[in-house]
Amino acid sequence: MQELRRTLWALLLVAMASCASDVAIETSYDPLAVFPSQGTFAWDEDANKISDKLSQLGLADLLPPAVESALGDRGWRKTTPDTAHLLVSYHVGVSITIWAAEPGDDEHSRAMGSISVELTDPESKRRLWVGFIQAEVHPSLSQQERTARIDDAMERLFKEVPP
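Residues numbered from 1 in each chain as written. Predicted model: local features only at pLDDT ≥ 70, side-chain atom pairs only at ≥ 80, totals over all residues. Heavy atoms only, no water.

Asker: So what's going on with the nonpolar core? Residues and values would help.
Answerer: Ranked by internal contacts, the top residues of the largest apolar core, which has 30 residues, are V117, M154 and F158. Sorting the residues of this core by element identifies β2 (40-43), α3 (59-73), β5 (86-99), β6 (108-120), β7 (127-136) and α4 (143-158) as the ones contributing at least two each. Examining the composition of this core, we find that 7 residues originate from one element, α3, more than from any other. Discounting residues that sit within four places of it in the chain, F158 has contacts with V67, A70, L71, R74, V117, L119 and W129. (Core = buried A, V, L, I, M, F, W, Y, C linked by side-chain atoms within 4.5 Å. Buried < 20%, exposed > 50% of the residue type's maximum accessible area, 1.4 Å probe, protein only. Helix = DSSP H or I, 4+ residues; strand = E, 2+ residues; numbered from the N terminus. Contact = heavy atoms within 4.5 Å.)

This is how it looks when you write it as structure tokens:
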């Protein structure tokens, strides 16, 4: 019975590890909102939040250019907050899960990072669109690998903005 339980835990961990490399993306938007095909955006600097652990990995430097590039690919251009159609903000956090297959076994851990990006109407402050990304955090990745991963995630995320 003990051997069967260890085998099942091992299979579960393998399944979790194979899913962990995926980037999960979800979005939600106000169905009454109008998203121009060639609008302008600006950063809502006061709203941006990032955890200290992820800031140490350089995400505060990688995220804004990735968002700006993804919005630029949609025909949007960056401007000042007083002339923007939309304000952009982000929140970044991390959660760490620790587990052991059996009492007394070695502990394992996994860090999951979450990014939410919001598009807000500058006048009403109403949130028009929000996108969520969740992925496993890999501190051992090089800066180039992190940049590519974030760029890809932002491209995928902003494809979900309504036309």
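Next comes the rest of the description.
Asker: Please provide a residue-by-residue account of the packing of aromatic side chains, values included.
Answerer: This structure, assessed with the given rule, holds 2 aromatic pairs. Seen in terms of ring centroids, W43 and Y90 are 5.8 Å apart; in terms of plane orientation they differ by 85°. Their pairing is edge-to-face. Taken together, the positions of W43 in strand β2 and Y90 in strand β5 put the pair 47 residues apart, joining distant regions of the chain. On the basis of relative accessibility, which here comes to 7%, the residue Y90 falls in the buried class. (Phe/Tyr/Trp six-rings, centres within 6.5 Å; stacked < 30°, edge-to-face > 60°.)

Asker: Could you give an account of α3, naming the residues involved and the relevant values?
Answerer: The end-to-end C-alpha distance of α3, which contains 15 residues, comes to 21 Å, matching closely the 21 Å that a straight helix rising 1.5 Å per residue would cover. Turning to α3, its buried residues are L59, L62, L63, P64, A66, V67, A70 and L71. G75 sits one or two residues past α3 and shows a positive phi near 95°. (Expected span 1.5 Å × (residues − 1).)

Asker: Before we move on, could you go through the side chain of T40 and cite the residues and values that matter?
Answerer: Looking at the element boundaries, T40 is found in strand β2. Taking relative accessible area as the criterion, T40 reaches 5% and is therefore assigned buried. Side-chain polar atoms of T40 contact the backbone oxygen of T83, separated by 3.4 Å. Setting aside its immediate chain neighbours within four residues, T40 contacts W76, R77, T79, T83, A84, H85 and L86. (Polar contact = N/O pair within 3.5 Å; in protein donor to acceptor, adjacent residues only side chain to side chain.)

Asker: Provide a residue-level description of α4, including the pertinent values.
Answerer: In this model, α4 (16 residues) spans 22 Å end to end at C-alpha, consistent with the 22 Å of a helix rising 1.5 Å per residue. Taken residue by residue, α4 has R146, I150, A153, M154, L157 and F158 as its buried positions. Down the axis of α4, the buried side of the element spans an arc of 120°, and every buried residue falls inside it. Of the surrounding elements, those touching the buried residues of α4 are β1 (24-29), α3, β6 and β7. (Arc of directions from axis to C-beta.)

Asker: I'd like to hear about unusual backbone geometry, residue by residue, with values.
Answerer: Apart from glycine, the bulk of residues carry a negative phi angle, and the bulk of peptide bonds sit in the trans form. Not every positive phi belongs to a glycine, and K125 is a case in point at roughly 65°. On the secondary structure map, K125 appears in the loop between β6 and β7. The exposure class assigned to K125 is exposed, which follows from its relative accessible area of 55%.

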